[in-house]
Amino acid sequence: MQSLSLKVFNTGGNTGCVMERRNYYYCNNNKRKCNVIVACSSSSSSEKSNGEKNQTLSAYISSSQTYALLKQKMEVAAKSEDYKEAARIRDSMKSFEEEEPVLRLRTLMKDAIKNEKFEDAARYRDELKLIAPYSLLKCSSDTTTLGVRVQVRSVYIESRSRPSKGQYFYAYRIRITNNSERPVQLLRRHWVITDGNGKVENVWGIGVIGEQPVILPNTGFEYSSACPLSTPSGRMEGDFEMKHTDKLGSPSFNVAIAPFSLCIIGEESDTM
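Residues numbered from 1 in each chain as written. Predicted model: local features only at pLDDT ≥ 70, side-chain atom pairs only at ≥ 80, totals over all residues. Heavy atoms only, no water.

As annotated in an unreviewed UniProt entry, the protein carries the name Protein ApaG and is attributed to Papaver nudicaule.

Here is the structure:
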């Protein structure tokens, strides 16, 4: 089994002078690794940069938590038919979106793209890259490996989340399309889940939703699942281990699941 996950670690200890990029592979349960070493400028500048990034990340998480609470309160007010309160919270959310830097830049970038002001959109995107690069990852992904296409879209489920208790619930839907000329079977799944604090969890399992589906050429398979987080944002990526079923003894191969975000502030709905 081959994992396409990519992580970056600071391996310089007190010197802080080396960054190591590790790409792990899993083949018949024997783990081997390929390392690429990238030098950084100095310990002090690295620590300062990391400190600034951590502060920005903490501020973004705090803002996302506030936004999640406001959304939930508005939903509760609307369900109880307290429309005056729902309207007040809605207006508060709009003000919050205008004042919070990441939300404001994301809104400006989206409007610029919609109005075909691509130079402005590029400027807003570059500003986001500087202050909150993690906010640019989309809630969907689409990639193809050896003719097998994997499309994913995630959505925040307000009704099952409890922001005041640090509980955030996300659902995601996956469509697997076999555009190759050979039938394939999905054997195993591997997920790399990263929360808003950078905590990484690897999850392995047999098949998906209790099945190991065989997908014939020019057909597809879809399923839905969910992921709880303790932070209001995160990301997922991974791979499916598959094999061709038209020839006995065919070796397994891995199909990538490209990274996608788990975020309470998602994009407008689109179709896969």
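Picking up after the structure, the text goes on.
Trainee: Which residues make up the overall build of the protein, and what are the values?
Mentor: Along its length, the protein carries four helices and 12 strands. Residue burial in the protein is summarised as follows: out of 272 residues, 39% are buried. By sequence separation, contacts in the protein at least 24 residues apart represent 61% of the contacts at least 6 residues apart. For the protein, the exposed surface amounts to about 15700 Å²; the carbon and sulfur share of it is 50%. (Helix = DSSP H or I, 4+ residues; strand = E, 2+ residues; numbered from the N terminus. Buried < 20%, exposed > 50% of the residue type's maximum accessible area, 1.4 Å probe, protein only. Contact = heavy atoms within 4.5 Å. Areas by Shrake-Rupley, 256 points an atom, 1.4 Å probe, with all protein chains shown as cover.)

Trainee: I'd like to hear about the pattern of salt bridges, residue by residue, with values.
Mentor: Counted under the stated rule, the structure contains 11 salt bridges. Here R149 ties to D142 by a salt bridge, and the two come within 2.5 Å at their closest N and O atoms. By relative accessible area, R149 is classed as partly exposed at 30%. Judged by its relative accessible area of 41%, D142 is partly exposed. (Salt bridge = Lys/Arg side-chain N within 4 Å of Asp/Glu carboxyl O.)

Trainee: Tell me about the sheet that holds strand 5 (residues 148-156), residues and numbers included.
Mentor: Taken in spatial order, the four strands of this open sheet run 4-5-6-10, and their pairing is antiparallel. The open sheet is flanked by strand 4 (140-145) and strand 10 (219-229), the only strands paired with a single partner. When strand polarity is set aside, the average angle formed by the axes of neighbouring strands in this sheet is 15°. Looking at chain direction, strand 5 and strand 6 (residues 168-178) are connected through nine bridges and run antiparallel. Each bridged residue has a counterpart across the sheet, and for V148 the counterpart in strand 6 is N178. (Pairing = 2+ DSSP bridges. Axes fitted to C-alpha atoms, helices over the stretch in contact; angles between N-to-C directions.)

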